[in-house]
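Here is what each chain is made of, one letter per residue.
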Amino acid sequence: MKRLLLAAALTVPLHAQDQPDYSKMKTDQVFEQLCSGCHGKDLSGGQGGSLIDGEWKHGSSDDELLKSIKEGNAQLGMTPFKTILDDRQIRSLVIFIREKEKQAKEKGMTFPKPEPGKVTKTEHESYKIEMVVEEGLKNPWAIAFLPDGRKLVTEKAGRLRIIEADGKLNPEPVKGTPQIIDHGQGGLMEVAVHPDYEKNGWIYLGFADGTREGRDVKTITAYVRGKLKDGEWVEQQQIWKADSKFYTGAGVHFGTRIVFDKGYIYFPVGERGGNMEAQDVENAKGKIYRLFEDGRVPEDNPKFEGKTPVPGLWTYGHRNPQGLDIDPRDGSIYDTEHGPRGGDELNWIQPGHNYGWPVITYGMNYDGTPITGKTAEEGMDQPLTYWQPSIATCGLSFYRGDKFPKWKNDLFAGALAQQEIRRLRIVDHKVTEQEIVLKNIGRVRDVTDAPDGFIYVILNGPDRIVRLVPAE
């Protein structure tokens, strides 16, 4: 690494009583106090050189960067900051540097921003974008497809909408859908159509369930199924609902998606801002569940010695999963979840495994304060990849169709904050390719392959639905 913090050695107070309380500072403030004198406020360089040009003399990995900050280098005049910063603060400095490095790298880069009628080229395929619904939706969240050509779309405020087979949005929402609580990040979120819909007619919903009395709101994610009959929601059955003691007034981290596999249903429940509650297998929050399609709990679900897990628990240690899908090649389940700042993740979901939140993470709090100094711990799974800066993952889908043969079985991940879709190629549970295939046409709330072989995308800001079709 370059001569990190050479000039900073001259600015660190000599007497402990004169030192600022770095524990109360945000990471950018710590950097300005200790590092900017050598590396510049924008990290572009000074006596110690740039931290954002990708050139490192003493190792470029996170661990090597962390060691350089922590241990310093006496020969180069680099201050060992382990005496004034704890592991959490040093880890946050690494995240901060990585964010700035990535942002600097992307300046001047061009990304595929599709426009109607024009061809967008990517590494393996070229596509055009078509408008599916341009007006009439408000905060659409998820899309699902009926065998007769109709499409179902959820709106966060609680409406289930139908796009008719002729492509027109029905102005009237479905009547009789379950009462939901539109609160913070939660509302009516997921909709999924049973694989054998033509035989059984079941449609599944994931939503914020709870109560509202004035300003007093208590919610958690719940799941039901029902049927459509003449524009009405009928025959509703409860699939999963948490004990009332787990309901909370928090407005964050509801986490929801639904996938089906061989008679089972999988779905997440976010940790609702509860942090360490995600580590408690007897707590409903921060988990992914597996049930039979009618809500019964399989007897072969994971067991935990000395604990009575929440019924249906499959995995734990999750923060806010909003992407979930199954690899059509081998049945492996993957999720994407909103992490903290710099800690969005793609995970391979395996029964009984602990995914670490908040004990381990590659991120820090969004306000720039540290969470933990640990990125690994025995018994906790590592993500297949993570994103710094955070992309705000939402929506996840393997491509199963034939319209884009060079994308067959690739995984597509949507992103809200970065307004993009990333294509990932998974080989032996490892990410071997990653590419941005769409960017800057809106916040991507859902991305999914459809029975017609096209890729459908729900956008927020503006609220609309588009699809990717082959260029030729």
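To start, this report covers the structure provided alongside it. (Residues numbered from 1 in each chain as written. Predicted model: local features only at pLDDT ≥ 70, side-chain atom pairs only at ≥ 80, totals over all residues. Heavy atoms only, no water.)

1. Comments concerning the overall build of the chain
The cut-off we apply is this: In DSSP terms, a helix is any run of H or I states spanning at least four residues, a strand is any run of E spanning at least two, and both are numbered starting from the N terminus. With C-alpha atoms as the basis for the radius of gyration, the globule rule is written as 2.2 Å multiplied by the number of residues raised to the power 0.38. Note on areas: Shrake-Rupley, 1.4 Å probe, and residue coverage restricted to the protein chains presented here.
When helices and strands are tallied, the chain shows six helices and 24 strands. Here the C-alpha radius of gyration of the chain, 24 Å, is about what a compact globule of 472 residues would show, namely 23 Å. Here the chain has roughly 20,500 Å² of accessible surface; of this, 45% comes from carbon and sulfur atoms.

2. A short note on the nonpolar core
Rules: For our purposes a nonpolar core is just a set of buried Ala, Val, Leu, Ile, Met, Phe, Trp, Tyr and Cys residues, chained together by side-chain atoms within 4.5 Å. Note on classification: 1.4 Å probe, protein chains only; a residue is buried when its accessible area is under 20% of the maximum for its type, exposed when over 50%, partly exposed between these limits. Residue contacts are defined here by distance: any two heavy atoms, one from each residue, within 4.5 Å place the two residues in contact.
Membership of the largest hydrophobic core comes to 26 residues, with the highest contact counts inside it found for Leu152, Leu160, Val191, Ile203 and Leu205. Counting residues per element, the ones that place at least two in this core are strand S3 (140-145), strand S5 (159-163), strand S6 (188-193), strand S7 (203-213) and strand S8 (216-229). Once residues lying within four places of it in the same chain are set aside, the contact partners of Val191 are Ala142, Ile143, Ala144, Leu152, Thr154, Leu160, Ile203, Tyr204 and Leu205. Of all hydrophobic cores here, the second largest spans 23 residues; its members include Phe246, Ala284, Tyr289 and Leu313.

3. Some remarks on unusual backbone geometry
Going from Gln388 to Pro389, the amide bond is cis rather than trans, its omega being -5 degrees. Along the chain, the position of Pro389 falls in the loop between strand S17 (385-387) and strand S18 (393-398). With an omega dihedral of 5 degrees, the bond running from Gly461 to Pro462 counts as a cis peptide bond. In this structure, Pro462 sits in the loop between strand S23 (455-460) and strand S24 (464-470). Even without being glycine, Leu43 reaches a positive phi, approximately 70 degrees. Topologically, Leu43 is positioned in the loop between helix H3 (36-39) and helix H4 (62-71).

4. With respect to the side chain of Ser390
As a reminder, the rule being used: Under the rule applied, a polar contact is a pair of N or O atoms within 3.5 Å (in protein, one hydrogen donor and one hydrogen acceptor; residues adjacent in sequence only if both atoms are side-chain atoms).
Its location among the elements puts Ser390 in the loop between S17 and S18. Polar side-chain contacts of Ser390 include one of 3.0 Å to the backbone oxygen of Pro340. At 2.5 Å, the side chain of Ser390 and the backbone nitrogen of Gly342 are in polar contact. Discounting chain neighbours no more than four positions away, the residues touching Ser390 are Pro340, Arg341, Gly342, Gly343, Asp344, Tyr366 and Gln418.

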